[in-house]
Amino acid sequence: MEMKQKECLDQGLDLKRLVLVLGRKLWLVAVGAMVGAILGGVTYKVVTNIVDGEPEYQANADYYITFNFDEFNYGADYYNAYTWDGILRDDPIVDYALSLLPSEITKEMVKDAVSGEMLGDYRILTVHVKAESKEKADMIAAAYKEALWNFGQEIELLDSVELWSQEEAIEYEKNNKTGNAAFLGAFLLTLFVMFALLFYYVLEDAFYVEKDAEERFGLPVYGLLTKAEDIKQKDILNDNLTFTFGNSPIAYWNGEKIPTAEEYANLRKAENLLVNIPWGCNNGRQVERVLRQMKLQDCEVKGIVITEAEDAFVKAYYAVERWKSKK
């Protein structure tokens, strides 16, 4: 019997069986994805709230730059997206802004607070001011409005640097990858659930189709009975039993139950003994044990019948509806 089990493992993977067996459990994958997304997002928020420390506030403003192209047609080459971030922290602008700010705000504070970028148009400069309080961020942003206007008037390559829009400071979200963390959590837990289901499938000791029992026990499987008592499956079973045993009486035994001494005595007298195996139950080792005990007790088992099969599984596996339509 052990050799038969090894041969069963060497047969290869029945993909249709795998899909139908695991298809009933695919809801676990969806649940895993949702739980993973929640865990990923919550974990990210908890960790970042711990590491972020004190909150920061950021004020944003857009400035429109007018170049003096009449006299200098290379101005846009010098004052470009690459250079503005550094120019905003150079002394001419920083010192002017400091003259408008309270004395407790130092030059280093201003340099650390201000950054700039151009998001496409070389005439639009976006200035960010980040500070530990909303008041300080708004104060430095207001000073930079004057400092940049003054800078535009003093530099010959420029005609003006005018404020286009300015937003009050709001709390700055230092880590805004919650969506990414949720996606990663969903992806990882989905993979885990899928591998767990495949592992379960490999370890599951159940019988779903006739060849499962035939390859494992080396006994003929005469058919299977479904929960809804599918007529077609009953006819197949009855035809096989009639052809094999004719009108001889048949004794049936539950393959999950080990007989008592009295039951062994009765089973030895049976001319045609068949074992019923419940469909889709994790009972392979127990059935194997029962068959071994029957052999030791000189009870000759002539074959197997699989019972209580799911009708939908049987129809899908054997393409019963398609077969009917062709008829």
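Residues numbered from 1 in each chain as written. Predicted model: local features only at pLDDT ≥ 70, side-chain atom pairs only at ≥ 80, totals over all residues. Heavy atoms only, no water.

Novice: Please explain the pattern of salt bridges as it appears in this structure.
Specialist: Pairs can form between side chains of opposite charge whenever their charged atoms are close. The final tally for this structure, using the stated rule, is 14 salt bridges. A salt bridge links arginine 17 to aspartate 212; the nearest nitrogen and oxygen atoms lie 3.0 Å apart. With arginine 17 in helix α2 (residues 15–23) and aspartate 212 in helix α10 (residues 210–217), this residue pair connects regions lying 195 residues apart in the sequence. Glutamate 288 serves as the salt-bridge partner of arginine 292, at 3.2 Å between the closest nitrogen and oxygen. Taken as a pair, arginine 292 and glutamate 288 lie in helix α13 (residues 284–296) at a separation of four residues, close to a single helical turn. The exposure class of arginine 292 is partly exposed, given its relative accessible area of 36%. (Salt bridge = Lys/Arg side-chain N within 4 Å of Asp/Glu carboxyl O. Helix = DSSP H or I, 4+ residues; strand = E, 2+ residues; numbered from the N terminus. Buried < 20%, exposed > 50% of the residue type's maximum accessible area, 1.4 Å probe, protein only.)

Novice: I keep staring at a negative patch on the surface and nothing clicks. Help me out?
Specialist: Together, Asp70, Glu71, Glu156 and Asp159 make up a region of like negative charge exposed at the surface. Here glutamate 156 lies in the loop between α8 (134–154) and β4 (158–166). Residue glutamate 156 is classed as exposed on the basis of its relative accessible area of 57%. (Patch = residues over 30% accessible without salt bridge, like charges linked within 9 Å, V, L, I, M, F, W, Y side chains within 5 Å. Areas by Shrake-Rupley, 256 points an atom, 1.4 Å probe, with all protein chains shown as cover. Lys, Arg positive; Asp, Glu negative; His and termini not counted. Charge placed at Lys NZ, Arg CZ, Asp CG, Glu CD.)

Novice: What should I look at first to understand the packing of aromatic side chains in this one?
Specialist: In this description, an aromatic ring pair is defined by two values, namely the gap between the centres and the angle between the planes. Per the counting criterion, the structure on display carries 15 aromatic pairs. Taking the centre distance of 6.1 Å and the plane angle of 85° together, the rings of phenylalanine 72 and tyrosine 74 count as edge-to-face. A relative accessible area of 15% means that phenylalanine 72 is categorised as buried. By relative accessible area, which is 44% here, tyrosine 74 ends up partly exposed. Over the ring of tyrosine 317 we find lysine 16; its NZ or CZ atom is 5.9 Å from the centre of that ring. Directly above the ring of tyrosine 122 sits arginine 123, whose terminal nitrogen or CZ lies 5.7 Å from the centroid. (Phe/Tyr/Trp six-rings, centres within 6.5 Å; stacked < 30°, edge-to-face > 60°. Lys NZ or Arg CZ within 6 Å of the ring centre and 35° of its normal.)

Novice: Please explain the sheet that holds strand β8 (residues 273–278) as it appears in this structure.
Specialist: The pairing of strands in a sheet comes from backbone hydrogen bonds and takes either a parallel or an antiparallel form. Judged by pairing direction, the sheet is parallel, and its four strands sit side by side in the order β6-β9-β8-β7 without closing on themselves. A strand with exactly one partner marks an edge of an open sheet, and here the two such strands are β6 (221–226) and β7 (251–254). Ignoring which end each strand starts from, the neighbouring axes of this sheet average 30° apart. Bridge analysis of β7 against β8 gives four bridges, and the strand direction is parallel. Along β8, the bridge assignment pairs alanine 251 with leucine 273. Against the sheet, α10 contacts β6, β8 and β9 (301–309), and its axis sits at roughly 145° relative to β6. (Pairing = 2+ DSSP bridges. Axes fitted to C-alpha atoms, helices over the stretch in contact; angles between N-to-C directions. Contact = heavy atoms within 4.5 Å.)

Novice: I tried to follow the pairing of strand β1 (residues 56–67) on my own but got confused; where do I start?
Specialist: For a regular strand, side-chain orientation follows a simple rule: the groups alternate between the two sheet faces. Bridge count for β1 against strand β5 (residues 170–172) is three bridges, and the pairing is antiparallel. Within the sheet, the bridge partner assigned to glutamate 56 lies in β5 and is tyrosine 172. Sheet analysis places β1 next to strand β3 (residues 124–131), joined by eight bridges and oriented antiparallel. By the bridge assignment, tyrosine 57 is partnered in β3 with alanine 131.

Novice: Which parts of the structure should I look at to understand α13?
Specialist: In an α-helix, one full turn covers 3.6 residues, which means residues spaced three or four apart are oriented alike. Taking 1.5 Å as the rise per residue, α13 with 13 residues should run 18 Å; its terminal C-alpha atoms sit 18 Å apart, in good agreement. Three or more residues of α13 are buried, namely Gly284, Val287, Glu288, Val290, Leu291 and Met294. Take α13 and look down its axis: the buried residues cluster within an arc of 160°, on one side only. Looking at α13, the residues exposed on the side facing more than 90 degrees away from the buried face are Arg285 and Leu296. (Expected span 1.5 Å × (residues − 1). Arc of directions from axis to C-beta.)

Novice: Can you help me understand the nonpolar core in this one?
Specialist: Inside soluble globular proteins, nonpolar side chains tend to come together where they are buried. With 37 residues, the main nonpolar core has Trp84, Leu88, Tyr144 and Leu148 as its most contacted residues. Within the residue set of this core, elements represented by two or more residues are β1, α5 (81–87), α6 (91–99), α7 (107–113), β3, α8 and β4. With eight residues, the single largest contributor to this core is α8. Aside from chain neighbours lying at most four places away, what touches leucine 148 is Tyr63, Trp84, Leu88, Ile93, Val127 and Val161. Val29, Val193, Leu219 and Tyr264 belong to the second-largest nonpolar core, a separate cluster that totals 35 residues. (Core = buried A, V, L, I, M, F, W, Y, C linked by side-chain atoms within 4.5 Å.)

Novice: Help me understand unusual backbone geometry in this model?
Specialist: Across residues other than glycine, the phi torsion is negative in most instances, and most of the peptide bonds are trans. Non-glycine residue glutamate 229 carries a positive phi angle of around 55°. Within the secondary structure, glutamate 229 is located in the loop between β6 and α11 (231–245). A positive phi angle is found at glutamate 308, which is not glycine, with a value near 60°. Among the structural elements, glutamate 308 can be located in strand β9. With relative accessibility at 46%, the residue glutamate 308 sits in the partly exposed group.

Novice: Quick question: what am I supposed to make of α11 here?
Specialist: Here α11 spans 21 Å end to end across 15 residues, near enough to the 21 Å set by a 1.5 Å rise per residue. Residues Gln233, Leu237, Leu241 and Phe245 constitute the buried set of α11. Looking straight down α11, one finds its buried side chains confined to an arc of 65°; they lie on one side. In α11, the exposed residues that point more than 90 degrees away from the buried face are Ile231, Asp239 and Phe243. Measuring from the backbone nitrogen of lysine 232 back to the side-chain oxygen at the start of α11 gives 3.0 Å, which picks out aspartate 230 as the cap. At the C-terminal side of α11, glycine 246 shows a positive phi close to 60°. (Polar contact = N/O pair within 3.5 Å; in protein donor to acceptor, adjacent residues only side chain to side chain.)

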